[in-house]
Amino acid sequence: MIVAAERGEDVLIARNSVPVARLVPYQPVQIKPPGAWRGLVPYATEWRSPETDQRVEQLFLGEPSAPPA
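Computed from a predicted model, the values in this text were never measured in an experiment. (Residues numbered from 1 in each chain as written. Predicted model: local features only at pLDDT ≥ 70, side-chain atom pairs only at ≥ 80, totals over all residues. Heavy atoms only, no water.)

### As for the overall build of the chain
Secondary structure summary: the chain contains two helices and two strands in total. Starting at the N terminus, the α and β elements of the chain follow one another as α-β-β-α. Counting over 69 residues, the chain shows a buried share of 7%. Counted over contacts in the chain with a minimum sequence separation of 6, partners at least 24 positions apart contribute 0%. Carbon and sulfur atoms make up 59% of the accessible area of the chain, which amounts to about 6800 Å² in all. (Helix = DSSP H or I, 4+ residues; strand = E, 2+ residues; numbered from the N terminus. Buried < 20%, exposed > 50% of the residue type's maximum accessible area, 1.4 Å probe, protein only. Contact = heavy atoms within 4.5 Å. Areas by Shrake-Rupley, 256 points an atom, 1.4 Å probe, with all protein chains shown as cover.)

### Structural notes on the pairing of strand β1 (residues 11-15)
Across five bridges, the pairing between β1 and strand β2 (residues 18-23) is antiparallel. Bridge pairing links R15 to V18 in β2. The antiparallel pairing of β1 with β2 creates a hairpin that spans two residues between the two strands, and N16 there sits at a positive phi of about 55 degrees. (Pairing = 2+ DSSP bridges.)

### Some points on the side chain of S49
Note that S49 resides in the loop between β2 and α2 (50-61). A distance of 2.9 Å separates a polar atom in the side chain of S49 from a polar atom in the side chain of T52. (Polar contact = N/O pair within 3.5 Å; in protein donor to acceptor, adjacent residues only side chain to side chain.)

### Remarks on a nonpolar patch on the surface
Among the surface-exposed residues, V56, L59, F60 and L61 lie close enough to one another that they form a single nonpolar patch of about 450 Å² accessible area. Note that F60 resides in helix α2. (Patch = residues over 30% accessible without salt bridge, like charges linked within 9 Å, V, L, I, M, F, W, Y side chains within 5 Å. Salt bridge = Lys/Arg side-chain N within 4 Å of Asp/Glu carboxyl O.)

### Comments concerning α2
In this model, α2 (12 residues) spans 16 Å end to end at C-alpha, consistent with the 16 Å of a helix rising 1.5 Å per residue. G62 sits one or two residues past α2 and shows a positive phi near 75 degrees. (Expected span 1.5 Å × (residues − 1).)

### With respect to the pattern of salt bridges
Tallying each qualifying case throughout the model produces three salt bridges. Residues E9 and R7 are paired through a salt bridge, measuring 3.1 Å at the closest nitrogen-oxygen approach. A salt bridge links R22 to D10; the nearest nitrogen and oxygen atoms lie 3.0 Å apart. With R22 in strand β2 and D10 in the loop between α1 (2-6) and β1, this residue pair connects regions lying 12 residues apart in the sequence.

### Some thoughts on the environment of Y26
Summarising the element assignment, Y26 is placed in the loop between β2 and α2. Linking Y26 and G8, residues 18 residues apart in sequence, is a C-alpha distance of 8.8 Å.

Structure (structure tokens):
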């Protein structure tokens, strides 16, 4: 069974003709280097404002905050 998985095959393991497990070849996780998404995802530049900060504070604290100075 292990040899078949090493060759890239999926191996079905059964007990009394009932499938109970599947053995598949190991695929290492591909980790993208830092900055791989730079320039690919647009984001809003106006997200930071006194109104937004106040609303976020209200959401976290559950109470109204003082007006921004």
